[in-house]
Amino acid sequence: QVQLVESGGGLVQPGGSLRLSCAASGIIFSIYNMGWYRQAPGKQRELVAVITSGGSTNYADSVNNRFTISRDNAKNTVYLQMDSLKPEDTAVYYCNAEWYSSTYWGQGTSVTVSE
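Residues numbered from 1 in each chain as written. Predicted model: local features only at pLDDT ≥ 70, side-chain atom pairs only at ≥ 80, totals over all residues. Heavy atoms only, no water.

Caption draft 1: Molecular detail of the pairing of strand β5 (residues 46–51). Both strand β4 (residues 33–39) and β5 contribute to a ladder of 5 bridges, which runs antiparallel. Paired with Gly 35 across the bridge in β5 is Val 50. Between β4 and β5, which pair antiparallel in sequence order, lie 6 residues; one of them, Gly 42, sits at a positive phi of approximately 75 degrees. Across 3 bridges, the pairing between β5 and strand β6 (residues 57–59) is antiparallel. Along β6, the bridge assignment pairs Ile 51 with Thr 57. Hairpin remark: β5 followed by β6, antiparallel, with 5 residues in the connecting loop; positive phi at Gly 55, about 95 degrees. (Pairing = 2+ DSSP bridges. Helix = DSSP H or I, 4+ residues; strand = E, 2+ residues; numbered from the N terminus.)

Caption draft 2: Representation of the packing of aromatic side chains within the structure. For the structure on display, the rule yields 4 aromatic pairs. Measuring from centroid to centroid gives 4.9 Å for Tyr 37 and Trp 105, while their planes differ by 65 degrees, and the two rings are edge-to-face. Linking Tyr 37 in strand β4 with Trp 105 in strand β10 (residues 102–105), this pair joins segments that are 68 residues apart in sequence. Their ring planes at 90 degrees and their centres at 5.4 Å tell us that Trp 99 and Tyr 100 sit as a pair that is edge-to-face. For Tyr 100, a relative accessible area of 77% translates into the label exposed. Every member of this aromatic cluster is reached through a ring pair, and the members are Tyr 32, Trp 99, Tyr 100 and Tyr 104. Residue placement shows Arg 45 over the ring face of Tyr 94; its charged tip is 3.8 Å from the ring centre. Of note, Arg 45 hangs over the ring of Trp 105, and the distance from its end group to the ring centre comes to 4.7 Å. (Phe/Tyr/Trp six-rings, centres within 6.5 Å; stacked < 30°, edge-to-face > 60°. Buried < 20%, exposed > 50% of the residue type's maximum accessible area, 1.4 Å probe, protein only. Lys NZ or Arg CZ within 6 Å of the ring centre and 35° of its normal.)

Caption draft 3: Quick look at the state of the cysteines. Applying the stated criterion across every chain yields a total of 1 disulfide. Note that Cys 22 is cross-linked by a disulfide to Cys 95, the S-S spacing being 2.1 Å. Handedness of the Cys 22-Cys 95 disulfide follows from its S-S torsion of about -85 degrees: it is left-handed. Taken together, the positions of Cys 22 in strand β3 (residues 18–25) and Cys 95 in strand β9 (residues 91–99) put the pair 73 residues apart, joining distant regions of the chain. Here Cys 22 falls in the buried class, since its relative accessible area comes to 0%. (Disulfide = S-S within 2.5 Å.)

Caption draft 4: Up close: the pairing of β3. The pairing of strand β1 (residues 3–7) with β3 spans 5 bridges and is antiparallel. If you follow Glu 6 over to β3, its bridge partner there is Cys 22. Of the strand pairs in this sheet, β3 and strand β8 (residues 77–82) are connected by 6 bridges, and their pairing is antiparallel. Bridge assignment links Arg 19 to a residue of β8, and that residue is Gln 81.

Structural data, given as structure tokens:
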């Protein structure tokens, strides 16, 4: 069974940092492109960052220079380091794995940026 399990979300003050983790099982992790998406209340789900199987990265303009996506294939885990957090970063963050027609999603982890 394929599973993507996110962790690391929580409440943080503006300007603070969080590191999200997504542990994958049931897939050949190293061949998948991995991504982080987020969905704020009342908004569409949006791509935050992606890291390909080859290690190339791309970021949404809104998080560029603040967030860093990385992967550890030995641990079957993808990370999202979030620095300089802003209230507008508040959302449920979802882990995504894609390989051709195969797409998998985690359950999400909630991030709230507030005083």
